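# Overview (structure and organization)
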Amino acid sequence: MKRIAYLSLSEAWGGLEMNQLRNALAMHRRGHKVLIIANGSSAIAQRAAQENIPLYIVQQKTKHYQWFFARKLSRYLLEQGYNDLFFRNNREQSIAASIAFLSLGKIKVHYFMEMALGGKRNQFFRTLRYRFFTSWCCPLPYLKDQVLELTKFSAKKVHVIPSGIESLNEAPYTKNDARELLGWPQNVTLLVMVGRIDPKKRQEFVFEMFLKRQNPDEMLLFVGESTLDEPSDYFTSLQQKVGSSAKKEQILFAGFQHNMRAVYAAADIMIMASEYETVGMATLEALQHGCPVVGVNNGGSKALIEQYGGGLCYEAKDDKSLNACIDRIKAEHFPSIVQSDFEQHFNFDNVCTLVEQTLLN
């Protein structure tokens, strides 16, 4: 069994942080000794404590060239026998590389890529930083291609390891039961968006598209909140626009929901409108629960839908294309999901086995 440290300095509670905790929990249950390095007030620290996952509490923000902090972490991890460090946030690349350097390579750092590169990353200082990564793990094949194209990272150290999802061991909710539990209306078509309220998620674009639809039996639901440590002007502006619109009674801000099983069971269609969603965890989870997805024709949602079915892709920034996809989903004119292949590929036990064999062997 291995001793694995998980670095997560963000105060937010989004896909990166959730996947860090999920992976730590899964590896903990398999008998590995895990440790989460986090800020004491962060959501991941609070949830890790609830799950009895060991914590190393720090008071540190993600920024470059934190040599003193990296040295402190390096010494602590070596003293405690942690020789593998997992991280997902690209803002933590510099810290992770510094830990590897200051430990003289005794601590192996593994980057689980869940954020897009956003252009070429082959500059000298980035190439030097990447040399200290033991591995670069991509959740989808197209991201591996992107890394090989846009960086000078060694190809033999790039791996495809999917983001794991928990098996659905409990009986699924019926649509009516899920809506009753959540307090959502029955007998209407629910178009649902899941994720933080943020310009990059493009809730305003979907809202403006929804205004053009002439269907009184539809409702648009926004599930999520603004990022905790960032301004919420976009959220406030969106609420004001919704409140003054002619369809305000057909639009609901549902806030953050802990019971996502019920959310996916209650939804008729999940809309993923991000201009570029690297992985698309909401897409992944919706497909797992049998909820059809309309996603942008790029990034993770496109890769998932094209490979496994279960939805349709529309052209980004084209509200007519989005409208047409919604209508086709409602008419059930879309490819069914290949459930057996999907579940086998993303099963957490299989993912953990791949991590152990590929990274920790």
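Here's a quick rundown of the structure. (Residues numbered from 1 in each chain as written. Predicted model: local features only at pLDDT ≥ 70, side-chain atom pairs only at ≥ 80, totals over all residues. Heavy atoms only, no water.)

Further remarks concern the pairing of strand E12 (residues 293-296). In the sheet, strand E11 (residues 269-272) pairs with E12 via three bridges, with the strands oriented parallel. Bridge pairing links Met-270 to Val-293 in E12. In this fold, E11 hands off to helix H11 (residues 281-288), which returns the chain to E12; that crossover is right-handed. Alignment of E12 against strand E13 (residues 311-314), held across four bridges, turns out to be parallel. The residue of E13 that forms the bridge with Val-296 is Tyr-314. Traced from E12 through helix H12 (residues 299-308) to E13, the parallel crossover comes out right-handed. (Pairing = 2+ DSSP bridges. Helix = DSSP H or I, 4+ residues; strand = E, 2+ residues; numbered from the N terminus. Right-handed = clockwise from strand over helix to strand, strands pointing away.)

Taken together, seven strands build an open sheet; the order of strands is E3-E2-E1-E4-E5-E6-E7 and the sheet is parallel. Every other strand in the sheet has two partners, leaving strand E3 (55-58) and strand E7 (158-160) as the edge strands with one partner each. Across the sheet, the axes of successive neighbouring strands diverge by a mean angle of 25°, strand direction being ignored. In this structure, strand E6 (residues 133-138) lies alongside E7, joined through three bridges in parallel fashion. Residue pairing across strands places Trp-136 opposite Val-158, the latter belonging to E7. Against the sheet, helix H4 (residues 93-102) engages strand E1 (3-7), strand E4 (84-87), strand E5 (108-112) and E6, with an angle of about 175° to E4. (Axes fitted to C-alpha atoms, helices over the stretch in contact; angles between N-to-C directions. Contact = heavy atoms within 4.5 Å.)

Bringing the packing of aromatic side chains into the picture now. In the structure shown here, the tally under the stated rule is 21 aromatic pairs. Aromatic side chains Trp-67 and Phe-101 sit 6.3 Å apart centroid to centroid with 75° between the ring planes, which places their arrangement in the edge-to-face category. Placement of Trp-67 in helix H3 (residues 67-80) and of Phe-101 in helix H4 is noted, with a sequence separation of 34 residues between them. Of the residues examined, Trp-67 reaches a relative accessible area of 44% and is grouped as partly exposed. For Phe-101, a relative accessible area of 42% corresponds to the partly exposed category. Judged by centre distance (4.9 Å) and plane angle (20°), the ring pair of Phe-87 and Tyr-111 falls under stacked. A residue pair is termed long-range when its members are at least 10 positions apart, and Phe-87 in strand E4 and Tyr-111 in strand E5 qualify at 24 residues. The residues Phe-87 and Tyr-111 share a single accessibility class, namely buried. Among the aromatic residues, those joined into a ring-pair cluster are Phe-87, Tyr-111, Tyr-130, Phe-133, Trp-136 and Phe-153. A cation over an aromatic ring shows up here: Arg-3 above the ring of Tyr-82, its NZ or CZ 4.9 Å from the ring centre. Across from the ring centre of Phe-210, 3.9 Å away, lies the NZ or CZ of Lys-247, which sits over that ring. (Phe/Tyr/Trp six-rings, centres within 6.5 Å; stacked < 30°, edge-to-face > 60°. Buried < 20%, exposed > 50% of the residue type's maximum accessible area, 1.4 Å probe, protein only. Lys NZ or Arg CZ within 6 Å of the ring centre and 35° of its normal.)

This part covers H12. Within H12, burial applies to Gly-299, Gly-300, Ser-301, Leu-304, Ile-305 and Tyr-308. Buried residues belonging to H12 abut helix H6 (141-150), E11, H11, E12, E13 and helix H14 (339-346). One or two steps after H12, the chain reaches Gly-309, where phi turns positive at roughly 80°.

Before going further, it helps to spend a moment on the sheet that holds E11. The strand order across the open sheet formed by six strands is E10-E9-E8-E11-E12-E13, and the pairing between neighbours is parallel. Among the strands making up the open sheet, the edge pair consists of strand E10 (251-255) and E13. Looking at each pair of strands side by side, their axes are set apart by 25° on average, direction ignored.

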